[in-house]
Amino acid sequence: MKKYFFDLRTMAVVAGLMFLLIHGELVLGQEANNTDSKSDAALELRDQNLLRTGEKKKRFERRKMKVLGNIRKRRALLNNFESCIKSANSYEDIKSCKNRNKERMEALHAERKEMRGKMREKRERRRNEMN
């Protein structure tokens, strides 16, 4: 038969929790005294985050417009190729349409490859500056 309602472990846990609660109030009370400097730092950090968010949105919109532009270019090439094929009367005409389309697509791919190379160089320069 138990003499006490709680055992020793339960009482130790309760005492520990009470200590943390009391100590937590002291820490919170200390933080309340320094609100001016911390609130200024928090506002500055929030402003920086808002600027970064704005920059990210602008970058996203620029990237979106580039992708849409690339789609329009490819669609225009395909439409030209389709109209060329539709107007072809012989195998030689189809062959010339294919060759012309191939040249135009290769030019588009070369342009995009050059742009990717420039972006890669720019990214490497930024990484080197940060390190």
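Residues numbered from 1 in each chain as written. Predicted model: local features only at pLDDT ≥ 70, side-chain atom pairs only at ≥ 80, totals over all residues. Heavy atoms only, no water.

Description of the overall build of the protein chain
Link 1 in the chain: When helices and strands are tallied, the protein chain shows three helices and zero strands.
Link 2 in the chain: Secondary structure of the protein chain in N-to-C order comes out as α-α-α.
Link 3 in the chain: In the protein chain, which comprises 131 residues, the share counted as buried stands at 7%.
Link 4 in the chain: Within the structure as shown, the protein chain displays about 12500 Å² of accessible surface, and the carbon and sulfur contribution to it stands at 58%. (Helix = DSSP H or I, 4+ residues; strand = E, 2+ residues; numbered from the N terminus. Buried < 20%, exposed > 50% of the residue type's maximum accessible area, 1.4 Å probe, protein only. Areas by Shrake-Rupley, 256 points an atom, 1.4 Å probe, with all protein chains shown as cover.)

Quick notes on the pattern of salt bridges
Link 1 in the chain: By the definition in use, this model includes three salt bridges.
Link 2 in the chain: One salt bridge connects Lys73 with Glu111, and the closest N-O pair in it is separated by 2.9 Å. Of this pair, Lys73 sits in helix H2 (residues 35–87) while Glu111 sits in helix H3 (residues 91–130), placing them 38 residues apart in sequence.
Link 3 in the chain: The salt bridge partner of Glu82 is Lys86, with a shortest N-O separation of 3.4 Å. Note that Glu82 and Lys86 are positioned in helix H2 at a spacing of four residues, about one turn of the helix.
Link 4 in the chain: Overall, Lys86 belongs to the exposed group, its relative accessible area being 66%. (Salt bridge = Lys/Arg side-chain N within 4 Å of Asp/Glu carboxyl O.)

A word on the state of the cysteines
In a disulfide, the sulfur atoms of two cysteines are covalently bonded to one another.
Link 1 in the chain: Overall, the coordinates contain one disulfide when judged by the stated rule.
Link 2 in the chain: Disulfide pairing places Cys84 opposite Cys97 at an S-S distance of 1.8 Å. Around the S-S axis, the bridge from Cys84 to Cys97 shows a dihedral of about -75° and counts as left-handed. One end of the pair, Cys84, is in helix H2; the other, Cys97, is in helix H3, and 13 residues separate them in sequence. (Disulfide = S-S within 2.5 Å.)

Concerning H3
Link 1 in the chain: Here H3 is 40 residues long and its end C-alpha atoms lie 58 Å apart, about the 58 Å a rise of 1.5 Å per residue gives.
Link 2 in the chain: Where H3 is concerned, the buried positions are Cys97, Asn101, Leu108 and Gly117. (Expected span 1.5 Å × (residues − 1).)

Describing the side chain of Asn101
Link 1 in the chain: Topologically, Asn101 is positioned in helix H3.
Link 2 in the chain: If we skip the residues at most four places from it in the chain, Asn101 touches Leu77 and Phe81. (Contact = heavy atoms within 4.5 Å.)

Overview of the confidence of the model for the protein chain
Link 1 in the chain: The pLDDT averaged across the protein chain works out to 81; a share of 79% of its residues lies at or above 70.
Link 2 in the chain: Summarising per-element confidence for the protein chain, the mean pLDDT is lowest in helix H1 (residues 8–33) (67) and highest in H3 (92). (pLDDT = per-residue confidence, 0-100.)

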